[in-house]
Amino acid sequence: MRYWTGRLDRADRRRGIRPLNAICDDITTLSVDAIVNAANASLMGGGGVDGAIHRAAGPRLLHECRLLGGCKTGEAKLTGGHGLPARFIVHTVGPVWHGGGDGEDELLASCYRKSCELASAQPAIRTLAFPCISTGIYGFPFERAARIAIRECAAHTDRLITTFCCFSERDRNVYSQLLEEHGRRVAD
Ligand code: AR6
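Residues numbered from 1 in each chain as written. Predicted model: local features only at pLDDT ≥ 70, side-chain atom pairs only at ≥ 80, totals over all residues. Heavy atoms only, no water.

Caption draft 1: Broad picture of the overall build of the protein. When its secondary structure is counted, the protein shows 6 helices and 6 strands. N-terminal to C-terminal, the α/β element order of the protein is α-β-β-α-α-β-β-α-β-α-β-α. Radius of gyration (C-alpha) of the protein: 16 Å, near the 16 Å computed for a compact globule of 188 residues. Its C-alpha atoms put the protein at 45 × 45 × 25 Å along the principal axes. Across the 188 residues in the protein, those meeting the buried criterion constitute 46%. Considering only contacts in the protein between residues 6 or more positions apart, those separated by 24 or more positions represent 68%. Only carbon and sulfur atoms are counted for the fraction: they give 51% of the accessible area of the protein, which is about 9,400 Å². (Helix = DSSP H or I, 4+ residues; strand = E, 2+ residues; numbered from the N terminus. Rg over C-alpha atoms; globule rule 2.2 N^0.38 Å. Buried < 20%, exposed > 50% of the residue type's maximum accessible area, 1.4 Å probe, protein only. Contact = heavy atoms within 4.5 Å. Areas by Shrake-Rupley, 256 points an atom, 1.4 Å probe, with all protein chains shown as cover.)

Structure follows, in structure tokens:
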């Protein structure tokens with residue numbers, strides 16, 4: 001196994017790998033080292049991407065989650081991937097959108113930051129895929145969430161190759177545009 005030891009090397013660049021990228025796919029099918037789950041505080045499964053991940057990973061995931069004692073909003077916890085192609089799952093709990101005056105931005109930023117920190121601390125994780133946390137059932141405005149996601153993950157590109165896994169082409173287009181803007185700002 002080839003461990004991630006620093007910035008993208010020349011072979012990565014030749015293969016067109018970028019440290020931050022956006023795709024439209026079902027996150028449960030991705031062959032990355034770790035996927036992130038948009039969970040709830042119980043970590044006992046739910047609807048949306050959480051339900052899809054638990055269905056695909058199988059009942060051993062629920063068993064492992066039971067031992068974790070839940071997870072606070074803005075925090076992150078690690079489990080195995082069980083039946084998934086991904087070897088690990090980072091479970092994080094996004095904020096419910098209450099209009100923006102309840103610390104939602106900082107809590108969402110914390111989800112991305114803590115997930116990246118947890119993944120970076122595990123030497124076997126080099127590639128990480130996020131769903132669009134809080135933007136489904138929890139109602140966080142999509143573009144506002146995407147800007148926060150990109151800003152936080154950009155701080156971890158020395159260790160991680162991060163994929164924003166959108167669930168519609170429309171969402172993916174928002175990310176692609178924001179990533180282009182981000183790339184131009186970094187190049188300036
Ligand atoms: N692959 C990738 N993205 C997906 C998938 C999938 N298979 N399924 C849904 N999405 P949500 P939240 C997208 O509602 O807003 C659960 O009940 C979806 O289009 O899953 O953080 C938990 O237990 C959206 O863009 O998560 C919590 O109670 C994004 O995933 C609550 O929902 C997040 O939507 C968390 O709500």
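Caption draft 2: The pattern of salt bridges, seen in detail. In total, this model carries 9 salt bridges according to the counting rule given. A salt bridge links Asp105 to Arg144; its shortest N-O distance comes to 2.9 Å. Residue Asp105 is located in helix α4 (residues 104-120), and its partner Arg144 is located in helix α5 (residues 142-154); the two are separated by 39 residues in the primary sequence. In this structure Asp105 comes out as partly exposed when scored by relative accessible area, which is 28%. Look at Arg144 and you get partly exposed, because its relative accessible area is 36%. One network of salt bridges, in which partners are shared, links Glu106, Arg113, Arg151 and Glu152. (Salt bridge = Lys/Arg side-chain N within 4 Å of Asp/Glu carboxyl O.)

Caption draft 3: Structural detail: the environment of Arg172. Of note, Arg172 is situated in helix α6 (residues 169-187). For the pair formed by Arg172 and Ser31, sequence separation is 141 residues and the distance between their alpha carbons is 19 Å.

Caption draft 4: Up close: the pairing of strand β4 (residues 88-93). The buried count for β4 comes to 6 of 6 residues, which makes it a mostly enclosed element. Of the two faces of β4, the one lined by Phe88, Val90 and Thr92 and the one lined by Ile89, His91 and Val93 are each fully buried. Here 6 bridges tie strand β2 (residues 34-39) to β4, and the two strands are oriented parallel to one another. By the bridge assignment, Ala34 is partnered in β4 with Phe88. Two elements, strand β3 (residues 76-80) and β4, share 5 bridges in a ladder whose sense is antiparallel. (Pairing = 2+ DSSP bridges.)

Caption draft 5: Region of the structure containing the layout of surface pockets. Roughly 570 Å³ of internal volume is contained in the largest pocket. If you go around the largest pocket, you meet 26 residues; those closest to its centre are Ala38, Gly48, Val49, Cys132 and Gly136. Counting residues per element, the ones that place at least two in the lining of the largest pocket are β2, α2 (48-57) and β6 (161-166). Top contributing element to the lining of the largest pocket by residue count: α2, with 4 residues. Here the lining of the largest pocket is composed, by residue class, of 14 nonpolar, 8 polar and 4 charged. (1 Å grid on protein atoms, 1.4 Å probe; cavity = no way out; pocket = protein on both sides within 12 Å on 5 of 7 lines; lining within 4 Å. Points joined across faces, edges and corners; volume = space filled by probe spheres on them. Nonpolar A, V, L, I, M, F, W, Y, C, P; charged D, E, K, R; others polar.)

Caption draft 6: α6, seen in detail. Here α6 spans 27 Å end to end across 19 residues, near enough to the 27 Å set by a 1.5 Å rise per residue. Among all positions of α6, only Asp171, Tyr175, Leu178, Leu179 and His182 are buried. Along the axis of α6, the buried residues cluster in a sector spanning 105°; they form a single face. Away from the buried face of α6 by more than 90 degrees, exposed residues Arg170, Gln177, Glu180, Arg184 and Ala187 are located. Along its buried surface, α6 packs onto β1 (20-24), α4, α5 and β6. (Expected span 1.5 Å × (residues − 1). Arc of directions from axis to C-beta.)

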